[in-house]
Amino acid sequence: MKKKQKNIPLIHNYCDRWCERCYFTSRCAVALSTGKLSAEQQDINNKAFWDHLSVNFAQTITLLHQSAEKFGFTIPGLTEEEHKAYLEEEELERKQIKAHSLIKQSNAYINLAKKWLDKNEQLNEKQDEIILHFEIGIRSEKESISELATIEDCFGVIQWYLYFISVKFMRALSSKMEEDKYKEENSYPKDSNGSAKIALISTERTMQAWLQLNELLPGMEDDALPILASLQKLQSLAYDEFPDAMKFIRPGFDEM
């Protein structure tokens, strides 16, 4: 690729995976590769998805061994005891992460938000009201379209980040555990802070979407306030756990 089209290394590690809204898809290796996939290959419930994933893993292993050979060493396989110990350690780490207050709070938010999204009555009523007001001349076409678009956008933001926030905080905690095992000082920024940063950004965007919906939908306050309180608590826990997260410079996004 030409220099001006060069991909930004690691940009995909600290993004929100919302390629349709990203300015960097032409410089992201993941966006470029996934853009060529069929609908079946992007569907987690389809065999084509897992077949494609298997091929990717196989290619990664091959490249890893080729790189090791290039630098003059081999990658030894694990003994049965080492493999067992690894699996036990991995399972222990998973349990610790699931029990962490940050993940418990993430799940508490998911439950509250999902409960509202599942019933979704106020949203439908508001959309019907906007259309009716346009039809009888209370609102202009421009006002109606703008308000409907705002509601749709808020709804889209909330849905997109609903599970994403928890997943990214889980990755941040997992990375932090790995970093704590090897306390070597180096010049590299911590992956845990990068993952926590995009989770915090997503949390803030989600809060703004709920605030907008609360303003637009009459009678929503009783539902919105506990949800917003839950997100604020999640924010607070995250800043306590990752005080330097927002200082992390994400490739591409924070270098403009």
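Here's a quick rundown of the structure. (Residues numbered from 1 in each chain as written. Predicted model: local features only at pLDDT ≥ 70, side-chain atom pairs only at ≥ 80, totals over all residues. Heavy atoms only, no water.)

## Quick notes on the pattern of salt bridges
Spelled out, the test is: When a carboxyl oxygen of Asp or Glu is within 4 Å of a side-chain nitrogen of Lys or Arg, the pair counts as a salt bridge. Strands are runs of DSSP state E lasting at least 2 residues, helices are runs of H or I lasting at least 4, and numbering of each runs from the N terminus. Each residue's exposure class comes from its accessible area (1.4 Å probe, protein chains only) as a fraction of the maximum for that residue type: buried when under 20%, exposed when over 50%, partly exposed otherwise.
Applying the stated criterion to the full structure yields eleven salt bridges. Residue Lys 114 pairs with Asp 118 through a salt bridge whose shortest N-O separation is 3.2 Å. Residue Lys 114 and its partner Asp 118 are located together in helix 4 (residues 101-119), separated by four residues, close to a single helical turn. On the basis of relative accessible area, Lys 114 is assigned to the partly exposed category, the value being 35%. A salt bridge links Asp 223 to Lys 119, with the nearest nitrogen and oxygen atoms 3.5 Å apart. Highlighted residues: Asp 223 in helix 9 (residues 221-241) and Lys 119 in helix 4, separated in sequence by 104 residues. Judged by its relative accessible area of 25%, Asp 223 falls in the partly exposed class. Connected through shared salt-bridge partners, Glu 90, Glu 91 and Arg 94 make up one network.

## Structural notes on the packing of aromatic side chains
For any pair of aromatic rings, the description rests on two quantities: the centre-to-centre distance and the angle between the ring planes. Note the following rule: Between 30 and 60 degrees the pair is tilted, below 30 it is stacked and above 60 it is edge-to-face, where a pair is any two Phe, Tyr or Trp rings, Trp via its six-membered ring, whose centres lie within 6.5 Å. Over a ring means this: the NZ of a Lys or the CZ of an Arg is within 6 Å of the ring centre and within 35 degrees of the ring normal.
This model, assessed by the stated rule, comprises six aromatic pairs. An aromatic cluster is present here, built from Trp 18, Trp 160, Tyr 161 and Phe 164 joined pairwise through their rings. Above the plane of the ring of Trp 18 lies Arg 21, whose end atom (NZ or CZ) is 4.1 Å from the centre.

## What about the side chain of Thr 206?
Along the chain, the position of Thr 206 falls in helix 8 (residues 191-216). By relative accessible area, which is 0% here, Thr 206 ends up buried.

## Some thoughts on the nonpolar core
To be explicit about the condition: Think of a nonpolar core as a cluster: buried Ala, Val, Leu, Ile, Met, Phe, Trp, Tyr and Cys residues, connected wherever their side-chain atoms sit within 4.5 Å. Contacts were defined at the residue level, with two residues in contact if any of their heavy atoms lie within 4.5 Å.
Core analysis: the biggest nonpolar cluster contains 41 residues, and Tyr 109, Trp 116, Phe 169, Trp 210 and Leu 213 have the highest contact counts within it. Looking at this core, the elements with two or more residues in it are helix 4, helix 6 (141-161), helix 7 (164-181), helix 8 and helix 9. The leading source of residues in this core is helix 8, at ten residues. Beyond its immediate chain neighbours, meaning those up to four positions away, Tyr 109 contacts Ile 158, Leu 162, Thr 206, Trp 210, Ile 227, Ser 230 and Leu 231. Ile 8, Ile 11, Phe 24 and Cys 28 belong to the second-largest nonpolar core, a separate cluster that totals five residues.

The analysis is restricted to geometry; functional conclusions fall outside its scope.
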